[in-house]
Amino acid sequence: MSSAAPRPADQDHLWSVDEHLEDILATVRPLEPIELQLLDAQGCVLVEDVTVPVSLPPFDNSSMDGYAVRVADVAGASEEFPAVLDVVGDVAAGQAELLHVGPGQAARIMTGAPLPPGAETVVPVEWTDGGLGEGPVSGMRARSLAPEGAEGHVHVYRAAEARAHVRAQGSDVRAGDRALDAGTVLGPPQIALLAAIGRGTVRVRPRPRVVVMSTGSELVQPDEGLGTGQIYDSNSFALTAAARDAGAIAYRVGAVADDAETLRSTIEDQLVRADLMVTTGGVSVGAYDVVKEALSSVADEDEPGSGVDFRKLAMQPGKPQGFGSIGPDHTPLLALPGNPVSSYVSFELFVRPAIRRLMGLDDVHRPRTRATLTAKKALTSPKGRRQFLRGTYNDGCVSPVGGAGSHLVAALAQADALIVVPEDVESVEPGTEVEVVLLG
C-alpha cells in the first residue's frame, strides 16, 4: 500500500497544492495483484496482457435464420423462377452432428449454428417460402409446431453470393491475438470478451477499500430530528459516493463525536477493512478539532515515519489538510477539512488520485481543459492561494455557480467543473480563458 513515508511537516511551511499531491502519490503504492472471478474483477485493472486461446467465432456460423445451400443451386433464382431444393434437415446452434449439404439440397439453419459441410452460403428465410409452398414468408415456424418444416422442399426466390450471411471463424479475434492489454480497466464489454474466450478468472489489482468517517458532535444522521446547533452529516455520504465513483469499495462510518479517545478507537477498529482511510473535520486550529489529537497517538512507535502530518496549503477552499500512514500495515490516511465544499474539493484533488494510484492506474487525474469564463463580474481570488471555484462547463465556456463560501452545498450540487484561479492571480475578468477541472 505505502512504502515511502510522507515528508514531515514544517508548521510554518505553506504547502502548495502540487507539493501536497506529489507527497501523497509518492507515498501511496498500487495494491498487490490477486486472481479474481470475472464478475468480482469488474472495475479492476488488469496486471497482465490477455491472449486469445481460441478464435472467435470458433467456427463458421450463420448470422441469419434461413437455409444453408450451395451457391450454384440458387444462382438466378427469382420469384418467377424460384430454385427448388430438397430440405435434408435442421442445423441448430449447439448441434454436435452436422448434416452434409449436397447438390440440389438445403439445410434449415438457425442463427449461430455452424455452417454444415457442403454448404457455401446462407439464404435468409425471408427469401424463401419456408417450405410451405405459399410464397415468401416472414419467418420460420417453431419446430415444435411444424416439425415437417425440416424436410420436404423449399422454394428460394433470390440468389446468394458465396459466404453471404456467414460469420467466418476468427472474424472477431484469432487465436494468439492480444485480447486486452495490461492496465485495462475491466468494464462489462471487457468481461464479456474474457468470458467469450473462455477465461473464468483474471489477474488484477483489486478495487481499494476506502473507509470514510466524518467527525463532529454537531452532526446528525439524515432522517433524524435536528436539535439546537445540530446539522445533518452530508460529508460522509458525499465522500463515500465519490470514493465509489472513483472505483473504490467504500464504507461509510457514522459521524464520530468530538472525543479523541472515541475517534482513536473507531479508527483502529476500521483499519481491518481499509486500504485507505479518509476523515473529514477536526483538522483546523479550534479547541474541539480532535482529529490531530487522536491521530497523534495512532502512529506506530516502532516504525519511523508513521503517523499523520497536518499542513496548511496555499489553496482555497481546503487550507488545512492532513496526510500520513497509520496502523501496523501503514494504511494511508487523508484528513480533510469539515466544510462540505472544502472536503469535496480536497477529495477531488487529493483522495481521488490516491484511490486511482492504489488501483494501479497510470492516469489518476480528472480531465482538464481550457474554457472561456462567462460571468456577470470579475472573479476575485486571494493572493498566494490557488482557488477552486465551482462552475458549470458547456461547449468551451464555464460559468461560476454560487459564491466562494465553503459551506454552499446547494451550489456544489449544480457544479460539474472546478474553475482554477492560480496563486498569482487576484482577479479574472469575464471573457478570460481559464483552466477547468471536469468533474463529470
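Residues numbered from 1 in each chain as written. Predicted model: local features only at pLDDT ≥ 70, side-chain atom pairs only at ≥ 80, totals over all residues. Heavy atoms only, no water.

### With respect to the overall build of the protein
Next, step 1: From N to C terminus, the protein includes 8 helices and 29 strands.
Next, step 2: Radius of gyration (C-alpha) of the protein: 32 Å, far over the 22 Å computed for a compact globule of 440 residues.
Next, step 3: Within the protein, buried positions represent 46% of all 440 residues.
Next, step 4: Long-range contacts, defined here as pairs at least 24 residues apart, represent 72% of the contacts in the protein between residues at least 6 apart.
Next, step 5: When the accessible surface of the protein is totalled, it reaches about 20400 Å², and 49% of it is carbon and sulfur.
Next, step 6: Positive and negative side-chain charges in the protein, numbering 36 and 59 respectively, have mean positions lying 4 Å apart. (Helix = DSSP H or I, 4+ residues; strand = E, 2+ residues; numbered from the N terminus. Rg over C-alpha atoms; globule rule 2.2 N^0.38 Å. Buried < 20%, exposed > 50% of the residue type's maximum accessible area, 1.4 Å probe, protein only. Contact = heavy atoms within 4.5 Å. Areas by Shrake-Rupley, 256 points an atom, 1.4 Å probe, with all protein chains shown as cover. Lys, Arg positive; Asp, Glu negative; His and termini not counted. Charge placed at Lys NZ, Arg CZ, Asp CG, Glu CD.)

### With respect to the side chain of Thr 184
Next, step 1: Relative to the helices and strands, Thr 184 is located in the loop between β12 (178-180) and α3 (188-196).
Next, step 2: At 2.7 Å, the side chain of Thr 184 forms a polar contact with the backbone oxygen of Asp 181.
Next, step 3: Dropping the residues within four chain positions of it, Thr 184 is found in contact with Cys 44, Val 45, Leu 46 and Gln 190. (Polar contact = N/O pair within 3.5 Å; in protein donor to acceptor, adjacent residues only side chain to side chain.)

### So, the pattern of salt bridges
Think of it this way: side chains of opposite charge can pair up when their charged atoms draw near.
Next, step 1: Summed over all chains, the structure comprises 16 salt bridges.
Next, step 2: For the salt bridge of Arg 264 with Glu 261, the shortest nitrogen-to-oxygen distance reads 2.3 Å. Within this pair, Arg 264 and its partner Glu 261 are both found in helix α5 (residues 260-270), separated by 3 residues, close to a single helical turn.
Next, step 3: Residue Arg 264 is classed as buried on the basis of its relative accessible area, which comes to 15%.
Next, step 4: Via salt bridges that share partners, Asp 18, Arg 386 and Glu 423 belong to a single interconnected network. (Salt bridge = Lys/Arg side-chain N within 4 Å of Asp/Glu carboxyl O.)

### Overview of the confidence of the model for the protein
Next, step 1: This prediction gives the protein a mean pLDDT of 89; 90% of its residues lie at or above 70.
Next, step 2: Taken element by element, the predicted model of the protein shows its lowest mean pLDDT in helix α6 (residues 291-295) (77) and its highest in strand β2 (residues 34-37) (98). (pLDDT = per-residue confidence, 0-100.)

### Details of the pairing of strand β8 (residues 105-109)
Next, step 1: Here β8 lies mainly inside the structure; 4 of its 5 residues are buried.
Next, step 2: Bridge count for strand β6 (residues 66-69) against β8 is 4 bridges, and the pairing is antiparallel. Bridging from a neighbouring strand, Val 69 pairs with Ala 106 of β8.
Next, step 3: Note that strand β7 (residues 83-91) and β8 share 4 bridges and pair parallel. Looking at the pairing, Val 87 lines up with Ala 106 of β8. (Pairing = 2+ DSSP bridges.)

### Regarding the sheet that holds strand β10 (residues 152-156)
Next, step 1: Taking strand neighbours across the sheet as the criterion, the 5 strands line up as β9-β6-β8-β7-β10 in an open arrangement whose pairing is mixed. Both outer strands of the open sheet, β9 (121-124) and β10, are each paired with one neighbouring strand and no more. For this sheet, the mean angle separating the axes of adjacent strands, direction not counted, is 45°.
Next, step 2: Here β7 runs beside β10; their pairing, made up of 5 bridges, is antiparallel. Residue pairing across strands places Ala 83 opposite Val 156, the latter belonging to β10. (Axes fitted to C-alpha atoms, helices over the stretch in contact; angles between N-to-C directions.)

### Describing α3
Next, step 1: Buried residues of α3: Ile 191, Leu 193 and Leu 194, and no others. Down the axis of α3, the smallest arc covering the buried residues is 160°, so these residues share one side. Across α3 from its buried face, at more than 90 degrees, point the exposed residues Pro 188 and Pro 189.
Next, step 2: Along its buried surface, α3 packs onto β4 (50-51), β12 and β13 (201-205). (Arc of directions from axis to C-beta.)

### What to know about the sheet that holds β13
Next, step 1: The sheet built from 3 strands is open, its strands ordered β2-β13-β3 with antiparallel pairing. The open sheet has two free edges, formed respectively by β2 and β3 (45-46), since each of these has just one partner strand.
Next, step 2: In this structure, β3 lies alongside β13, joined through 2 bridges in antiparallel fashion. Residue Val 45 lies in a different strand from β13, and its bridge partner there is Arg 205.

### So, the packing of aromatic side chains
Next, step 1: For the structure shown, the criterion picks out 0 aromatic pairs.
Next, step 2: When the ring centre of Trp 127 is taken as origin, the NZ or CZ atom of Arg 158, which lies over that ring, is 3.9 Å away.
Next, step 3: Here the basic side chain of Arg 311 rests over the ring of Trp 15, its NZ or CZ set 3.8 Å away from the ring centre. (Phe/Tyr/Trp six-rings, centres within 6.5 Å; stacked < 30°, edge-to-face > 60°. Lys NZ or Arg CZ within 6 Å of the ring centre and 35° of its normal.)

### Focus: the packing of helix α4 (residues 235-246) against helix α7 (residues 340-359)
Next, step 1: The interhelical angle for the contact between α4 and α7, taken along N-to-C directions, is 30°, at an axis separation of 10 Å. As far as their axial angle goes, α7 and α4 are roughly parallel. Like other packed secondary-structure pairs, α4 and α7 cross with a definite hand, here right-handed. Mapping the contact onto sequence places Asn 235, Leu 239, Ala 242, Ala 243, Asp 245 and Ala 246 in α4 and Pro 340, Ser 343, Tyr 344, Phe 347, Arg 352, Ile 355, Arg 356 and Met 359 in α7.
Next, step 2: Looking at side-chain class alone, the contact of α4 with α7 contains 9 nonpolar, 2 polar and 3 charged residues. (Parallel < 35°, antiparallel > 145°, perpendicular 65-115°, else oblique. Left-handed = near helix turned anticlockwise from the far one by under 90°. Nonpolar A, V, L, I, M, F, W, Y, C, P; charged D, E, K, R; others polar.)

### Digging into the environment of Ala 294
Next, step 1: For Ala 294, the position within the fold is in helix α6.
Next, step 2: On a C-alpha basis, the gap between Ala 294 and Asp 259 in space is 8.3 Å, while along the polypeptide they are 35 residues apart.
Next, step 3: Excluding anything up to four places from it in sequence, Ala 294 contacts Ala 260, Leu 263 and Arg 264.

### What about the environment of Asp 90?
Next, step 1: With respect to the element layout, Asp 90 can be found in strand β7.
Next, step 2: When the C-alpha atoms of Asp 90 and Ala 106 are compared, they prove to be 9.3 Å apart, with 16 residues separating the residues in sequence.

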